[in-house]
Amino acid sequence: MPMEWTTLIAAEDLAARLGQEDLVVLDATASLADPEAARAAYHEAHVPGAHHVDLARDLSGPHRPGAGRHPWPEEAHIRGVLGRVGATPAHQVVVYDAGDGALAAARAWFLLRALGHRRVAVLDGGWSRWRALGLPVERAVPAPGATQYEARFDRSRLLDVDDIRAQLASGGVLVDARAAERFRGDVEPIDRRAGHVPGARNRPFVENLRDGRFKPAEELAAEFRALLGAVPTERVAVMCGSGVTACHHLLAMEHAGLGGARLFTGSWSGWIEDPARPIETGA
């Protein structure tokens with residue numbers, strides 16, 4: 001039977017499958033402060049066979065108005081990245097990173113899910129758990145792949161500013177994954193304006209985790225249902241600072257059996273590109 005993980009995979013399960021022909025492993029380790037440090041860390045040690053994918057160069061596109069700090073890439077770009085790592089729509093893809101909470105890995109996960117790729121999962125606990133368990137690592141960089149990846153994004157899951165306005169006006173929910181102090185506007189360490197989109201609700205992404213791993217599915221489902229009320233997940237959108245951390249919520253919800261939520265791709269950094277757009281502060 002072919003392996004199939006679609007949300008999370010345990011480190012022990014991945015270790016048992018290393019080397020199988022239908023497996024592609026991606027190291028999405030990222031650092032906003034020092035992007036080259038993330039690439040250097042990959043070259044020092046990584047999961048055997050893993051290809052490195054860069055948040056800015058591989059998992060984002062060029063800037064355009066309203067797109068925010070990490071613009072959603074075009075289909076041709078991400079198809080090229082997947083071809084370079086040897087992936088096809090039939091492969092089981094596993095993504096991990098060395099960050100606190102698998103943020104860049106969750107972005108890669110949703111990129112593939114938006115392309116219709118079902119067999120993609122994030123390594124639960126990431127690189128930290130892999131190392132803590134003493135699982136194998138290597139420094140050798142795998143040869144580039146040469147596959148053709150043909151797919152198109154499900155654009156209904158990718159929302160822009162006008163979509164978000166319409167969603168909120170019609171009673172839909174917008175969940176902001178940033179830390180509470182950034183949502184309230186108490187501090188803003190990255191973007192030039194502080195606060196949040198009027199009508200948004202706050203759930204920091206760290207609430208999806210316990211001891212560096214995702215909470216059990218049943219617990220996540222109860223927490224998201226308490227946040228969303230009776231609103232169906234198809235009428236839920238998620239956002240963050242630039243459309244990366246928000247994907248953590250999409251992964252957590254899918255793991256909890258609450259699939260179908262959508263991404264505000266430009267997120268906060270895209271919203272504030274137009275100074276005329278309203279901003280709220282406070283809880």
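Draft legend 1. Layout of the overall build of the chain. Per the secondary structure count, the chain includes 10 helices and 12 strands. Rg of the C-alpha trace for the chain: 18 Å, near the compact-globule value of 19 Å for 283 residues, within the 12% margin. Considered along the principal axes of its C-alpha atoms, the chain spans approximately 50 × 40 × 35 Å. Counting across all 283 residues of the chain, residues that qualify as buried make up 52%. Carbon and sulfur atoms make up 52% of the accessible area of the chain, which totals about 11,800 Å². Side chains of the chain carry 32 positive and 37 negative charges; the gap between the two charge centres is 3 Å.

Draft legend 2. Summary view of the side chain of His91. Mapped onto the elements, His91 comes out in the loop between helix H3 (75-84) and strand E4 (92-96). Here Glu21 takes part through its backbone oxygen, which lies 3.5 Å from a polar atom of the side chain of His91.

Draft legend 3. Looking closely at the sheet that holds strand E6 (residues 158-159). Strand order in this open sheet of five strands is E6-E12-E11-E7-E8, and the pairing throughout is parallel. Single-partner strands in this sheet number two, and they are E6 and strand E8 (201-202). For strand E7 (residues 173-176) and E8, the ladder comprises two bridges, and the chain directions are parallel. For Val175, the partnering residue across the bridge sits in E8 and is Arg201.

Draft legend 4. Fine view of the sheet that holds strand E1 (residues 8-9). Read from one edge of the open sheet, five strands run E1-E5-E4-E2-E3, paired in parallel fashion. Whereas interior strands pair on both sides, the edge strands pair on one side only; in this sheet they are E1 and strand E3 (51-52). Here E1 pairs with strand E5 (residues 120-123) via two bridges, running parallel. Paired with Ile9 across the two strands is Leu123, which belongs to E5. Sheet strands touched by helix H4 (residues 103-114): E4 and E5. Its angle to E5, the strand with the most contacts, is close to 175 degrees.

Draft legend 5. Just the layout of surface pockets, in detail. Of the volumes computed, that of the largest pocket is approximately 450 Å³. Lining the largest pocket are 26 residues; nearest its centre among them are Leu32, Leu103, Phe205, Val244 and Thr245. Here the residues of the lining of the largest pocket sort into 14 nonpolar, seven polar and five charged. Of the pockets and cavities examined, the second largest pocket occupies roughly 260 Å³. The wall of the second largest pocket is formed by 16 residues, among which Arg64, Gly66, Leu159, Asp160 and Thr265 lie closest to the centre. Looking at side-chain class alone, the lining of the second largest pocket contains eight nonpolar, three polar and five charged residues.

Draft legend 6. Local environment of the packing of aromatic side chains. Summed over the entire model, instances satisfying the criterion amount to four aromatic pairs. Ring geometry for Trp72 versus Phe153: centroids 5.4 Å apart, planes at 55 degrees, classification tilted. Of this pair, Trp72 sits in the loop between E3 and H3 while Phe153 is found in the loop between helix H5 (126-132) and E6, placing the two residues 81 residues apart along the sequence. Of the two residues, Trp72 and Phe153, both sit in the buried class. Pairwise contacts between aromatic rings join Trp72, Trp109, Phe110 and Phe153 into one cluster. Geometry around Phe224 places Arg203 over its ring, the cationic atom sitting 4.4 Å from the centre. The cationic tip of Arg277 hangs over the ring face of Trp271; the distance from NZ or CZ to the ring centre is 6.0 Å.

Draft legend 7. The arrangement of empty space enclosed by the protein in detail. Under the criterion given, the structure shown has one cavity of 30 Å³ or more. Looking at the largest cavity, its volume works out to about 30 Å³. Lining the largest cavity, in full, are Leu26, Val53, Leu59, Ile78, Val81, Leu82, Ala108 and Leu112. For the lining of the largest cavity, the secondary-structure elements that each account for two or more residues are H3 and H4. A total of three residues in the lining of the largest cavity trace back to one element, the largest contributor, which is H3. Broken down by class, the residue content of the lining of the largest cavity amounts to eight nonpolar, no polar and no charged.

Draft legend 8. Geometry of H4. Here H4 contains 12 residues, and its C-alpha end-to-end distance of 17 Å stays within 8% of the 16 Å for a straight helix at 1.5 Å per residue. Counting buried positions along H4 yields 11 of 12 residues, so the element is predominantly enclosed. If you check which residues of H4 are buried, you get Ala104, Ala105, Ala106, Arg107, Ala108, Trp109, Phe110, Leu111, Leu112, Arg113 and Ala114. Contacts from the buried residues of H4 go to H3, E4, E5, E6, helix H9 (246-255) and strand E12 (262-264). Residue Gly116 follows H4 closely and has a positive phi angle near 90 degrees.

About the thresholds
- Residues numbered from 1 in each chain as written.
- Predicted model: local features only at pLDDT ≥ 70, side-chain atom pairs only at ≥ 80, totals over all residues.
- Heavy atoms only, no water.
- Helix = DSSP H or I, 4+ residues; strand = E, 2+ residues; numbered from the N terminus.
- Rg over C-alpha atoms; globule rule 2.2 N^0.38 Å.
- Buried < 20%, exposed > 50% of the residue type's maximum accessible area, 1.4 Å probe, protein only.
- Areas by Shrake-Rupley, 256 points an atom, 1.4 Å probe, with all protein chains shown as cover.
- Lys, Arg positive; Asp, Glu negative; His and termini not counted.
- Charge placed at Lys NZ, Arg CZ, Asp CG, Glu CD.
- Polar contact = N/O pair within 3.5 Å; in protein donor to acceptor, adjacent residues only side chain to side chain.
- Pairing = 2+ DSSP bridges.
- Contact = heavy atoms within 4.5 Å.
- Axes fitted to C-alpha atoms, helices over the stretch in contact; angles between N-to-C directions.
- 1 Å grid on protein atoms, 1.4 Å probe; cavity = no way out; pocket = protein on both sides within 12 Å on 5 of 7 lines; lining within 4 Å.
- Points joined across faces, edges and corners; volume = space filled by probe spheres on them.
- Nonpolar A, V, L, I, M, F, W, Y, C, P; charged D, E, K, R; others polar.
- Phe/Tyr/Trp six-rings, centres within 6.5 Å; stacked < 30°, edge-to-face > 60°.
- Lys NZ or Arg CZ within 6 Å of the ring centre and 35° of its normal.
- Expected span 1.5 Å × (residues − 1).

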